[in-house]
Amino acid sequence: AAPKPEDEIRYRQSVFNVIGRNFGGVLGAIAKGERPYDQAEAVKAAKLVADLSTLPFASFGPGTDAGASHKSSPKIWEDPAKFQSLADKFQLEAAKLPAAAADLATLKAQVAETGKTCKGCHDEYRLK
Ligand code: ASC
C-alpha cells in the first residue's frame with residue numbers, strides 16, 4: 001500500500017532535516033570558517049547530502065499538501081514540474097559536493113553554488 005500522506009510528509013521532513021544538519025551545520029560552517037576543515041568529515045557530510053538529495057522529492061505526491069503541519073507552499077502542487085526543475089538543480093549541485101569536499105577552496109565554491117539552489121527553492125516554495 002502507498003504510504004499515508006502524513007508518513008510521506010514526515011519522511012521528506014526527516015530527510016531535509018538530515019540534509020540541513022550536514023549541509024548547513026557541517027559544510028556551511030566549514031565554508032564560513034566557523035568549523036575547522038577536516039577532509040574526511042567534509043567528504044562524509046558531502047556524500048550524505050548528495051545521496052539524501054535524491055530522496056525527498058518523490059514524497060511531494062498528490063494529497064501530501066494537507067494534513068500534518070508542514071511549510072510546503074500550495075504552489076508546489078499547482079505546478080509540480082516547476083518545483084521538480086528546482087529540485088533537479090539542487091540534486092545536480094549536491095552531486096558535485098563529494099568531489100569538491102576533497103579541497104577547502106573547491107568545497108567553499110561548491111557550497112555556495114549548492115546553497116543558491118537551496119535558497120531558490122525555499123524563497124518560492126517554503127512557507128515562513
Ligand atoms: C543552509 C541551509 C539552507 C541553505 C540556504 C542557502 O545551510 O540550512 O537552507 O544553506 O540558507 O542560502
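All of these numbers come straight from a predicted model, not from anything done at the bench. (Residues numbered from 1 in each chain as written. Predicted model: local features only at pLDDT ≥ 70, side-chain atom pairs only at ≥ 80, totals over all residues. Heavy atoms only, no water.)

Peer 1: Even after reading the chapter, I still don't get the packing of helix H4 (residues 80–94) against helix H6 (residues 104–125), so can you show me in this structure?
Peer 2: For any two helices packed against each other, the geometry is given by the interaxial angle and the distance between the axes. Where H4 meets H6, the closest approach of the two axes is 8 Å, and the angle between their N-to-C directions is 165 degrees. It follows that H4 is roughly antiparallel to H6 by the angle criterion. Taken as a pair, H4 and H6 cross one another with a handedness that is left-handed. Of the residues in H6, those touching H4 at Lys82, Phe83, Leu86, Lys89, Phe90, Glu93 and Ala94 are Gln110, Glu113, Thr114, Thr117, Cys118, Gly120, Cys121, Glu124 and Tyr125. Looking at the contact of H4 with H6 residue by residue, the class counts come to seven nonpolar, four polar and five charged. (Axes fitted to C-alpha atoms, helices over the stretch in contact; angles between N-to-C directions. Helix = DSSP H or I, 4+ residues; strand = E, 2+ residues; numbered from the N terminus. Parallel < 35°, antiparallel > 145°, perpendicular 65-115°, else oblique. Left-handed = near helix turned anticlockwise from the far one by under 90°. Contact = heavy atoms within 4.5 Å. Nonpolar A, V, L, I, M, F, W, Y, C, P; charged D, E, K, R; others polar.)

Peer 1: What is the right way to look at the pattern of salt bridges in this model?
Peer 2: Pairing is possible between side chains of opposite charge, provided their charged atoms come close. Overall, the coordinates contain five salt bridges when judged by the stated rule. Close ionic contact of glutamate 41 with arginine 35 constitutes a salt bridge, the shortest N to O distance being 2.9 Å. You can call glutamate 41 partly exposed: its relative accessible area is 29%. Lysine 119 is the salt-bridge partner of aspartate 123, the closest N and O atoms lying 2.8 Å from each other. In this pair, aspartate 123 and lysine 119 both sit in helix H6, four residues apart, roughly one turn of the helix. (Salt bridge = Lys/Arg side-chain N within 4 Å of Asp/Glu carboxyl O. Buried < 20%, exposed > 50% of the residue type's maximum accessible area, 1.4 Å probe, protein only.)

Peer 1: Would you explain the layout of surface pockets in this entry?
Peer 2: In this approach, a probe sized like a water molecule rolls over the atoms, and the result shows the empty space that is left. By volume, the largest pocket is sized at about 600 Å³. Arg12, Phe16, Phe60, His122 and Arg126 are the residues nearest the centre of the largest pocket, which is lined by 23 residues in total. Those elements giving two or more residues to the lining of the largest pocket turn out to be helix H1 (5–31), H4 and H6. A per-element tally of the lining of the largest pocket places H1 first, with seven residues. Residue composition of the lining of the largest pocket, by class: 13 nonpolar, seven polar and three charged. (1 Å grid on protein atoms, 1.4 Å probe; cavity = no way out; pocket = protein on both sides within 12 Å on 5 of 7 lines; lining within 4 Å. Points joined across faces, edges and corners; volume = space filled by probe spheres on them.)

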